[in-house]
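# Working through the structure, step by step
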Amino acid sequence: MVVLNISILLNLSLNYLLTNVFSTLATYHKVIIVIGVNIAGFFLFALMTFYYLVLTRSLIDKTIGKIEKNLIISIIISASMAYGFALAIYSSTSEISPFLLVHKIFISILSIVSLMASLRLFVGTKNLRAKSEVRTIRIFSVVYTLFFIYLLFLWVLPLQVWIMLSAFNLLLLNVIPIPFLAILLKERGGQVLDKPETKVKIERFYENYRLSKREIEIVVLILEGKSNDEIKDELFISIFTVKKHISNIFMKLDIKSRSQLIHMVMRAALADSSDSADGNISSANEQTS
């Protein structure tokens, strides 16, 4: 979401500068600035879309596949070609409308991809066992589904209306969903992890996956949001040793990222006792068989 914030602020700043600071510039120079900023905004939005796909997949314990990666790459390549064609038209006719049309089309395509990722996230929660986890993720997916639908409708509005609503975007994007989700995640995380019955579930999770004492210490620090350097300083070990332990943890749990690790621990903490025991034992047995 940071990338999308930057993109929106970039467009708002551009409008202010062209209206107030660069008002004496020739039209040609203003158009060049608009083109440059919009192209930069597209690539920022494409980057945001990719990381949003990664996020939505990790929330349901999945990894982004080749299809999603190839889709984003294809959109970027197609957009680059279309931008080049539109710029060629502008250089020969001084007509900016083809460029703006191309920009709207490809930003809309990225918005649709993000919208579909939000919907798939909502549907994917049916495979999660913990009801509180399902509720949290579904609220997240609904909030951002509505946001991307809203984003699609902005393009049919006049420029000045779009500028005002872009400012509202920042409010919608940050002030409304993020603190609300933070409260939910705090309830899901910190408060849950402090409960005695939850600690028993997590200890059982560690035992089922045969994590060593040192590996458990590192998992706890990762759950606290510590970086590799901070873990090194906390445990008085080398950075190489930290990376080696994390690699072993990932191998035992059959995962590839910290977000998946956090998700697995939280799922174990929130699952019903019988489900947690059965699921963890079967997973551990599959790895040792």
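These remarks concern the structure in this document.

### Focus on the overall build of the protein chain
The helix and strand inventory of the protein chain stands at 13 helices and zero strands. When the helices and strands of the protein chain are read in sequence order from the N terminus, they spell out α-α-α-α-α-α-α-α-α-α-α-α-α. Counting the 289 residues in the protein chain, one finds 40% classified as buried. Put simply, 70% of the contacts in the protein chain that link residues at least 6 apart link residues at least 24 apart. When the accessible surface of the protein chain is totalled, it reaches about 15800 Å², and 65% of it is carbon and sulfur.

### Things to note about the pattern of salt bridges
By the definition in use, this model includes four salt bridges. When the shortest N-O distance is used, the salt bridge between Lys 252 and Glu 215 registers 2.8 Å. With a gap of 37 residues between them, Lys 252 in helix H11 (residues 239-253) and Glu 215 in helix H9 (residues 213-223) connect regions that are remote in the sequence. By relative accessible area, Lys 252 is classed as partly exposed at 24%. Residue Glu 215 is classed as buried on the basis of its relative accessible area of 4%.

### Focus: the packing of H9 against helix H10 (residues 228-235)
Where H9 meets H10, the closest approach of the two axes is 10 Å, and the angle between their N-to-C directions is 130°. Considering the angle they form, H9 stands oblique to H10. For the crossing formed where H9 meets H10, the hand is right-handed. The residues of H10 that touch H9, namely those facing Arg 214, Glu 217, Ile 218, Leu 221 and Ile 222, are Ile 231, Glu 234 and Leu 235. Taken together, the residues that form the contact of H9 with H10 break down as five nonpolar, no polar and three charged.

### A closer look at helix H12 (residues 258-270)
With 13 residues, H12 extends 18 Å between its outermost C-alpha atoms, agreeing within 8% with the 18 Å of an ideal straight helix rising 1.5 Å per residue. Buried residues of H12: Gln 260, Leu 261, His 263, Met 264, Val 265, Met 266, Ala 268, Ala 269 and Leu 270, and no others.

About the cut-offs
- Residues numbered from 1 in each chain as written.
- Predicted model: local features only at pLDDT ≥ 70, side-chain atom pairs only at ≥ 80, totals over all residues.
- Heavy atoms only, no water.
- Helix = DSSP H or I, 4+ residues; strand = E, 2+ residues; numbered from the N terminus.
- Buried < 20%, exposed > 50% of the residue type's maximum accessible area, 1.4 Å probe, protein only.
- Contact = heavy atoms within 4.5 Å.
- Areas by Shrake-Rupley, 256 points an atom, 1.4 Å probe, with all protein chains shown as cover.
- Salt bridge = Lys/Arg side-chain N within 4 Å of Asp/Glu carboxyl O.
- Axes fitted to C-alpha atoms, helices over the stretch in contact; angles between N-to-C directions.
- Parallel < 35°, antiparallel > 145°, perpendicular 65-115°, else oblique.
- Left-handed = near helix turned anticlockwise from the far one by under 90°.
- Nonpolar A, V, L, I, M, F, W, Y, C, P; charged D, E, K, R; others polar.
- Expected span 1.5 Å × (residues − 1).

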